[in-house]
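Topology and contacts: notes
For reference, the chains in residue letters:
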Amino acid sequence: MAEDALGNMLAQMENAEPYADVDAGVFERLKHPERTLKVTLPVERDDGSVDVFEGFRCQFDSARGPFKGGIRYHPTVSQDEVTALAGWMTWKTALVDLPYGGAKGGVVCDPTTMSDREVEKLTRRYTEGVRRMIGPDMDVPAPDINTGGREMAWIMDTYSMYGGYVIPDVVTGKPIEVGGTAGRVEATGRGVAITTRRTFDYLDRDLDGATVAVQGFGNVGSVTARLLSSMGANVVAVSDVSGALHDESGLDVMAIERHVAEKGVMAGYADTDDGYDHADAISNDDLLRLDVDALIPAAIENVITEDVAEELRADVVVEAANGPTTVAADVVLRERDVQVVPDILANAGGVIVSYLEWVQNSQQYSWDLEQVNDDLETRLARAFDEMLDAYTARETPDLRTAAYVVALERVGKAHEMRGLFP
Ligand SMILES: NC(=O)C1=CN([C@@H]2O[C@H](COP(=O)(O)OP(=O)(O)OC[C@H]3O[C@@H](n4cnc5c(N)ncnc54)[C@H](O)[C@@H]3O)[C@@H](O)[C@H]2O)C=CC1
Ligand SMILES: O=C(O)CCC(=O)C(=O)O
């Protein structure tokens, strides 16, 4: 069975096809991205040498609206990976019923080894490379791994320089000072926390006091951990690329956030004044096997493999990352009665609030945080219920398949109505 991101995404589609009412020809169409651009990005390093980076933007499907999806800076970025991520964006925007298609971009680089100036040059080069295919009505990028408000502001600035006027709605996830919305920085983690609470309600379990392990402590993982703590859950383990921390009596998430904000990584936290000398330093792999109520992968793809699934002891997995569970692992988790809440629902809070940012930009009007958060929760709740309805009515084997049924039917219907042959 496929273990790569693209293979997983396609296999997830195939698994849902028998339960979905989608014309066979349209389904065939849905398996292929509309287009992918590969760009070459020369960057002069601070020492005067030149490095040439490779970047991609994959536009997977636009039947329901402009392409939408983040930009990732990471050494493992590849054309196949951005294609998978663009596919997941397509199913995510459809499931939460946003008037968007799906896209994703990426640059093969390790920004942790680059200066701020070098990252800025790379971002502006990348923007120049893809600028003919992005735009407020065409394709609207946003943050993903190792990108955030800073990079979005540079993209907006570069794109606006070519346009000759300010074009804020070419990207979302911008700082508020240049047209961003209240609530976008926290939106993905907030959506994960809301979805976790809803899943516990659905399973008739108490979130208060429930033990939670979160893998990945960047934008999504840190906010998820903090909000779940504030909802009464006991966050007993967190991790980042530098390792994992475990404390059965619960971790001080905000103290860890402060340490990461200062040092960039979690390593060294246990030695600080805030740190606990009784917290165990464990590996990322150990974290996935902890005996907790909920496991939240919030880092990269394919971390829950078949082997991990055999030994995983959480009752619920809420997928904050895109594609953290392989299709082979899904089968094992289903057999073992582990409830998996799929990424295309669990992490959709980010793109929902991106949509709200784009709407505010186009209206040149801004909403307050309460309005944004209320709208986010309403849309997530609706999508959660629609997924559960499909789970029951179509008798799908798991929630992921149910989520795909809803998404595939929406995108498939749009293709049918628009027609396959221009
Ligand atoms: N930023 C957003 O709005 C959204 C992000 N996502 C997904 O959430 C996940 C995390 O994204 P962000 O938090 O934005 O990225 P980020 O760059 O802010 O944080 C990534 C975190 O993962 C950790 N990490 C990286 N490789 C790791 C590994 N091999 N093992 C353990 N930890 C590792 C990093 O140290 C860091 O703590 C990704 O899968 C992304 O696609 C999904 C929806 C929206
Ligand atoms: O906010 C967005 O437009 C997309 C965020 C993203 O890349 C994702 O949901 O995976």
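Residues numbered from 1 in each chain as written. Chains lettered and ligands numbered in written order. Predicted model: local features only at pLDDT ≥ 70, side-chain atom pairs only at ≥ 80, totals over all residues. Heavy atoms only, no water.

As recorded by an unreviewed UniProt entry, the chain carries the name Glutamate dehydrogenase and is attributed to Halosegnis marinus. Here the chain is described in UniProt, under the heading Subunit (unreviewed entry), as follows: "Homohexamer." UniProt lists a comment for the chain under the heading Sequence similarities (unreviewed entry), and it reads "Belongs to the Glu/Leu/Phe/Val dehydrogenases family." (UniProt positions renumbered as here; feature names shortened; annotations may be inferred.)

**Looking at the domain arrangement of the chain**
In terms of domains, the chain is made up of domain 1 (33–166) and domain 2 (187–346). Using C-alpha coordinates to define each centre, domain 1 is positioned 27 Å away from domain 2. Counting from both sides, the interface comprises 10 residues of domain 1 and, opposite them, 8 residues of domain 2. Buried area between domain 1 and domain 2, both sides added, is near 800 Å², and the carbon and sulfur share of it is 61%. When the area that domain 1 buries against domain 2 is broken down by residue, the three leading residues are Trp88, Lys92 and Leu95, summing to 54%. For the pair domain 1 and domain 2, the number of links is 1 salt bridge. For the salt bridge of Arg72 with Glu301, the shortest nitrogen-to-oxygen distance reads 2.6 Å. With 6 residues, helix H3 (residues 79–95) is the single largest residue contributor to the side of domain 1 that touches domain 2. The residue makeup of the side of domain 1 that touches domain 2, split by class, is 5 nonpolar, no polar and 5 charged. (Domains from an automatic or database assignment. Contact = heavy atoms within 4.5 Å. Buried area = accessible area lost by both parts, 1.4 Å probe. Salt bridge = Lys/Arg side-chain N within 4 Å of Asp/Glu carboxyl O. Helix = DSSP H or I, 4+ residues; strand = E, 2+ residues; numbered from the N terminus. Nonpolar A, V, L, I, M, F, W, Y, C, P; charged D, E, K, R; others polar.)

**Things to note about the site of ligand 1**
In the region of ligand 1, 22 residues are neighbours, and Asp144, Asn146, Thr188, Ala299 and Asn322 sit closest. Between ligand 1 and Asp144, the relevant distance is 2.6 Å, taken from an oxygen atom to a side-chain nitrogen or oxygen of the residue. Here an oxygen atom of ligand 1 and a backbone polar atom of Ala299 are 2.9 Å apart. For ligand 1, the accessible surface in isolation is 830 Å², of which the surrounding protein chains cover 86%. Contributions of two or more residues to the shell around ligand 1 are made by helix H6 (184–202) and helix H7 (219–230). Residues from two domains meet in the shell around ligand 1; each of domain 1 (33–166) and domain 2 (187–346) gives at least three. (Near = heavy atom within 4 Å. Polar contact = N/O pair within 3.5 Å; in protein donor to acceptor, adjacent residues only side chain to side chain. Areas by Shrake-Rupley, 256 points an atom, 1.4 Å probe, with all protein chains shown as cover.)

**Things to note about the UniProt feature "binding site: substrate" (unreviewed entry) in the chain**
Those residues carrying the UniProt feature "binding site: substrate" (unreviewed entry) are Lys68, Lys92 and Ser354 in this numbering. In three dimensions, the annotated residues from a span of 287 residues occupy one location, with a maximal C-alpha spread of 12.9 Å. Among the secondary structure elements, Lys92 is positioned in helix H3. Those residues in contact with Lys92 that lie beyond four places of it in its chain are Asn322, Asp343, Ile344, Asn347, Ala348 and Val351. Inspection of the secondary structure puts Ser354 in helix H13 (residues 349–363). If we skip the residues at most four places from it in the chain, Ser354 touches Lys68, Tyr100, Ala142, Thr172 and Arg184. Among the polar contacts listed, one links the side chain of Ser354 to the side chain of Arg184, at a separation of 2.9 Å.

**Digging into the environment of Tyr391**
Examined against the element boundaries, Tyr391 turns out to sit in helix H14 (residues 369–393). Ignoring sequence-local partners within four residues, the contact set of Tyr391 consists of Tyr202, Thr396, Pro397, Asp398, Leu399 and Ala402.

**With respect to the site of ligand 2**
Around ligand 2 there are 14 residues in total, and Lys68, Gly70, Lys92, Lys104 and Ser354 lie nearest to it. Here an oxygen atom of ligand 2 and a side-chain polar atom of Lys92 are 2.6 Å apart. Contact distances for ligand 2 include 3.0 Å between an oxygen atom and a side-chain N or O atom of Asn322. Surface burial for ligand 2 is 95%, taken as the share of its 300 Å² of free accessible area covered by protein chains. Secondary structure elements with two or more residues in the shell around ligand 2: strand E3 (67–74), H3, strand E5 (139–143) and H13.

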